[in-house]
Amino acid sequence: MRVTVRLFARLREIAGAAELARSVEPGATVGSLWRDLTKEHAELAQYERSISSAVNADYARMDRTLAEGDEVAFLPPVSGGCW
Amino acid sequence: MLAIGPAPLAAERLVAALSADEPERRGIEGAVVTFLGLVRNHNAGRRVLYLEYEAYEPLALKSFERIAEEIHSRWPSVHMALHHRTGRLDIGEASIVIVTASAHRADAFAAGRYAIERVKQIAPIWKREHFEGGEVWIEGAIADPDDEMARMAAERAACA
């Protein structure tokens, strides 16, 4: 299955791309996709306990099963608004 | 009423939309509160030069909608407008404007405070601080809209 990965802020910089196309096996989850990415970019692992994730622009949990064509976003801790 | 993008913020337009300039709302609201978040020239002992805001825009908009719904259930009389800016913002520019309108001031103030606390908790928006001598991503809350403890903390801040 093909999925699109969206990365933001520091995660985007670590991976060197805002968007990645990835192939995953049927049954793959948001969490397994994240672990695949940490194998490619070891520096991402420091975010293991602080990332949030979204599927198709809705917040989703790490155990969410992926479907063909999903857009999966990984979000470091947020800092919108003002200080 | 809810928006995110690179255009400079126009607080007056939102105030007008929520207050007496709108014929069908005229006379309903007795209080309009405007909150502007501005770019400071200092943070954590650093001299700030400018900020860059990045967002996952479709999810940011949905987060604003969720915040508006939360406000509607907690303060049913309040109407809210919220715009957040993205891209490079210089010192003194507004990154966010929140306008809340209600029949009475207490609800308008409380809902406005609640809205900014929730934006900082759950909106997928990040700021990169460019300061004298370097730059850094500011990382705040772990975004989890279903974290009821965080939501209650925002409500406590609003009602303090």
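### A look at the interface of chain A and chain B
Where interface size is quoted, it is often the accessible area lost as the parts come together. Each partner contributes residues to the interface: chain A has 20 residues there, and chain B has 29 residues. Those elements that provide at least two residues to the side of chain A that touches chain B are helix H1 (9–15), strand E3 (52–55), strand E4 (58–60) and strand E5 (71–75) of chain A. Residues belonging to the side of chain A that touches chain B are distributed by class as follows: 12 nonpolar, five polar and three charged.

### Structural notes on helix H3 (residues 105–122) of chain B
Taking 1.5 Å per residue, 18 residues should reach 26 Å; H3(B) reaches 26 Å between its end C-alpha atoms and fits that length. Most of H3(B) is tucked away, with 15 of its 18 residues classed as buried.

### Here we look at helix H2 (residues 57–74) of chain B
Over its 18 residues, H2(B) runs 26 Å from end to end, which matches the ideal 26 Å to within 8%, given 1.5 Å per residue. Those residues of H2(B) lying buried are Leu59(B), Ala60(B), Lys62(B), Ser63(B), Phe64(B), Ile67(B) and Ile71(B).

### Observations concerning the sheet that holds strand E5 (residues 79–85) of chain B
All names here are of chain B. Here four strands make up an open sheet; going across it, the order is E1-E5-E7-E2 and the pairing mixed. Because the sheet does not close on itself, it has two edges, and the strands there are strand E1 (2–5) and strand E2 (31–38). Between one strand and the next, the sheet's axes are offset by a mean angle of 5°, whatever the strand orientation. Sheet contacts for helix H1 (residues 11–18): E2, E5 and strand E7 (94–102); angle to E7, the most-contacted strand, approximately 15°. This element, H3, spans E2, E5 and E7 of the sheet and lies at about 145° to E7.

### Things to note about the packing of H2(B) against H3(B)
Residue and element names in this part refer to chain B. With their axes 10 Å apart at the nearest point, H2 and H3 run at an angle of 145° to one another. The way H2 lies across H3 gives a crossing that is right-handed. Here H2 contributes Ser63, Ile67, Glu70 and Ile71 to the contact with H3, which in turn contributes Ala111, Tyr114, Ala115, Arg118, Val119 and Ile122. When its residues are assigned to classes, the contact of H2 with H3 shows seven nonpolar, one polar and two charged.

### Regarding the pairing of strand E9 (residues 134–138) of chain B
Residues and elements named next belong to chain B. In this sheet, E9 lies alongside strand E8 (residues 125–131) in antiparallel orientation, the contact comprising five bridges. Bridge pairing in E9 places arginine 128 opposite tryptophan 137. Between E8 and E9, which pair antiparallel in sequence order, lie two residues; one of them, glycine 133, sits at a positive phi of approximately 105°.

### What about the pairing of E5(A)?
Residues and elements named next belong to chain A. Taking burial as the measure, the five residues of E5 include four buried ones, the bulk of the element. Note that strand E1 (residues 2–7) and E5 share four bridges and pair parallel. Across the sheet, residue threonine 4 finds its bridge partner in E5, namely glutamate 71. With four bridges joining them, E3 and E5 adopt antiparallel strand pairing. Among the inter-strand pairings, alanine 54 is bridged to a residue of E5, identified as alanine 73.

### Some points on the confidence of the model for chain B
For chain B, the average pLDDT comes to 95, and 99% of its residues sit at 70 or higher. Across the predicted assembly, pTM comes out at 0.96 and ipTM at 0.96.

### Concerning the packing of H3(B) against helix H4 (residues 148–159) of chain B
Residue and element names in this part refer to chain B. At their nearest, the axes of H3 and H4 sit 8 Å apart, and the two run at 145° to each other. Crossing angle aside, the handedness with which H3 passes H4 is right-handed. Of the residues in H4, those touching H3 at Ala110, Arg113, Tyr114, Glu117, Arg118 and Gln121 are Ala150, Ala154, Glu155, Ala157, Ala158 and Cys159. The residue makeup of the contact of H3 with H4, split by class, is seven nonpolar, one polar and four charged.

### Overview of unusual backbone geometry
The phi dihedral of Ala9(A) is positive, around 50°, even though this residue is not glycine. Here Ala9(A) lies in helix H1. The buried category is assigned to Ala9(A), around which 25 C-beta atoms lie within 10 Å. One non-glycine residue, Ala44(B), lies in positive phi territory at about 50°. Mapping Ala44(B) onto the fold places it in the loop between strand E3 (42–43) and strand E4 (46–55). In this structure Ala44(B) comes out as exposed when scored by C-beta crowding, with 10 C-beta atoms within 10 Å.

Analysis parameters
Residues numbered from 1 in each chain as written. Chains lettered and ligands numbered in written order. Predicted model: local features only at pLDDT ≥ 70, side-chain atom pairs only at ≥ 80, totals over all residues. Contact = placed C-beta atoms within 7 Å. Helix = DSSP H or I, 4+ residues; strand = E, 2+ residues; numbered from the N terminus. Nonpolar A, V, L, I, M, F, W, Y, C, P; charged D, E, K, R; others polar. Expected span 1.5 Å × (residues − 1). Buried ≥ 20, exposed ≤ 12 C-beta atoms within 10 Å, placed from the backbone. Pairing = 2+ DSSP bridges. Axes fitted to C-alpha atoms, helices over the stretch in contact; angles between N-to-C directions. Left-handed = near helix turned anticlockwise from the far one by under 90°. pLDDT = per-residue confidence, 0-100.

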